[in-house]
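Fold and contact review
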Amino acid sequence: MPYGSPPAAIAAGLLELRKRIAAARIPPSQLDQTLNVATWNIREFGREPRQDASIYYIAEVLNQFDLIALTELRSDLEDLRRVLERLGRHWDVVFSDFTGDRGGNDERIAYLFDTRMVRFTGLAAEADPPRTKHGDEWLPSFTWWRSPYLASFKAGSFDFVALTAHMRWGDSVPARTHALRALHDWVLARAKNPYTVDRDFIVMGDFNIPAVGDPLYDALTGGGQDLRMPAALLNLPGSNLERTARYDQILHLPTRSDRFSGAGDVLNFAAGGWEGLYPDPATRPKDQRAFTYQMSDHLPLWLQVRTDIVDDFLQKLAGRRSDG
């Protein structure tokens, strides 16, 4: 990452952050072999301009991965532009439009990716809920409030579709359950369609699910039988700052049992206290809540994906020839 010449206080904060990142022991990805994928809800990203220090720190965290799904990105993209500037010329982004009402919260979803490791292959679209005909109109029976966003990528010999959502919150558990089950059904139906871009789906984001095994989790995953959580992520504590809730998830449709390397975790950039990241008292957030609007109240959840599937492809061809 090109650091330029940050002020002394930011340089000191970066050194502290890099110690915390090193303690997380994220394995390096290997070109055409593995890919480090993450999802991160960056709190109200773009609602108010962040300090220069926070832009450096967000970029440093993102730079640990190759493809990151961002949720809670707001309509104003200036801070995203500042982060991309810090990451450097090898990075690119594809993002959705914002939904400009209270339900949509002016939010977008974005995929940031290192073009040296992964490339965007053309599909970028919002997922629409199913519609039925009413008179002369085709109308959905519900909305997701904030539409899930999908994009297609390729790394190594692995083509896949990433689908990311920031699902609704609120007291109506039945409505939330319905929205999650509908997303489960949408992914399964699209993966079975003969004209879908690819059947390898990685589903991630902030689903506002309190725990693995909760009825809301079962609605999204089909009881854990359809959309699966990789083993490396199953027994983790929470992905919120307090480590108490599993709002964030990375799931997949199991097209191959060894798709994942066994590495995955959260990156706890706040370990040891958030104050150490802001050594200058003049720019230090006044309390933890203020800190969450500089970094986030969520921690990045990450997973390493195996992307060399040539042997699997050749075995299928060889089996087809022997059967014929």
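Residues numbered from 1 in each chain as written. Predicted model: local features only at pLDDT ≥ 70, side-chain atom pairs only at ≥ 80, totals over all residues. Heavy atoms only, no water.

**Let's talk about the side chain of His166**
- One can find His166 in strand S9 (residues 158-166).
- A distance of 2.7 Å separates polar atoms of two side chains, one belonging to His166 and the other to Glu107.
- Residues in contact with His166, not counting those within four places in the same chain, are Asn41, Thr71, Glu72, Glu107, Ile109, Arg146, Asp206 and Asn208. (Helix = DSSP H or I, 4+ residues; strand = E, 2+ residues; numbered from the N terminus. Polar contact = N/O pair within 3.5 Å; in protein donor to acceptor, adjacent residues only side chain to side chain. Contact = heavy atoms within 4.5 Å.)

**A look at the pairing of strand S6 (residues 131-134)**
- In the sheet, S6 pairs with strand S7 (residues 137-140) via four bridges, with the strands oriented antiparallel. Looking at S7, one finds that His134 is bridged to Glu137.
- Here S6 hands over to S7 after two residues, with Gly135 in that stretch at a positive phi of 65°. (Pairing = 2+ DSSP bridges.)

**Describing the side chain of Ser152**
- Mapped onto the elements, Ser152 comes out in strand S8 (residues 149-155).
- By relative accessible area, which is 2% here, Ser152 ends up buried.
- Within the structure, the side chain of Ser152 is placed 2.7 Å from the side chain of Thr121, a separation counted as a polar contact.
- Among the polar contacts listed, one links the side chain of Ser152 to the backbone nitrogen of Leu123, at a separation of 2.9 Å.
- Once residues within four sequence positions are removed from consideration, Ser152 is found in contact with Arg119, Phe120, Thr121, Gly122, Leu123, Phe160, Val161 and Val197. (Buried < 20%, exposed > 50% of the residue type's maximum accessible area, 1.4 Å probe, protein only.)

**Points about the sheet that holds strand S3 (residues 91-95)**
- Across the sheet, six strands lie side by side as S3-S4-S2-S1-S13-S12; this open sheet has mixed pairing. Looking at strand neighbours, the two that pair on one side only are S3 and strand S12 (260-266), the edges of this open sheet. If you compare each strand with its neighbour and ignore which way they point, the axes differ by 20° on average.
- Note that strand S2 (residues 67-74) and strand S4 (residues 107-114) share six bridges and pair antiparallel. (Axes fitted to C-alpha atoms, helices over the stretch in contact; angles between N-to-C directions.)

**A short note on the sheet that holds strand S5 (residues 119-126)**
- The strand order across the open sheet formed by five strands is S5-S8-S9-S10-S11, and the pairing between neighbours is mixed. Every interior strand has two partners, whereas the edge strands, S5 and strand S11 (248-252), have only one. Each adjacent strand pair in this sheet contributes to an overall mean axis angle of 20°, direction not counted.
- As judged from the seven bridges shared by S8 and S9, these two strands associate in the antiparallel manner. Residue pairing in the sheet places Lys154 in a bridge with Asp159 of S9.

**Some remarks on the pattern of salt bridges**
- Under the criterion given, the structure shown has 12 salt bridges.
- Arg43 is the partner of Asp297 in a salt bridge, and the nearest nitrogen-oxygen pair spans 3.7 Å. Of this pair, Asp297 sits in the loop between helix H6 (288-292) and strand S13 (301-306) while Arg43 sits in strand S1 (residues 34-45), placing them 254 residues apart in sequence.
- The buried category is assigned to Arg43, whose relative accessible area is 18%.
- A salt bridge links Asp200 to Arg259; its shortest N-O distance comes to 4.0 Å. Here Asp200 is found in the loop between helix H4 (173-192) and strand S10 (201-206), whereas its partner Arg259 is found in the loop between S11 and S12, with 59 residues between them in sequence. Residues Asp200 and Arg259 agree in their burial class; the two are buried. (Salt bridge = Lys/Arg side-chain N within 4 Å of Asp/Glu carboxyl O.)

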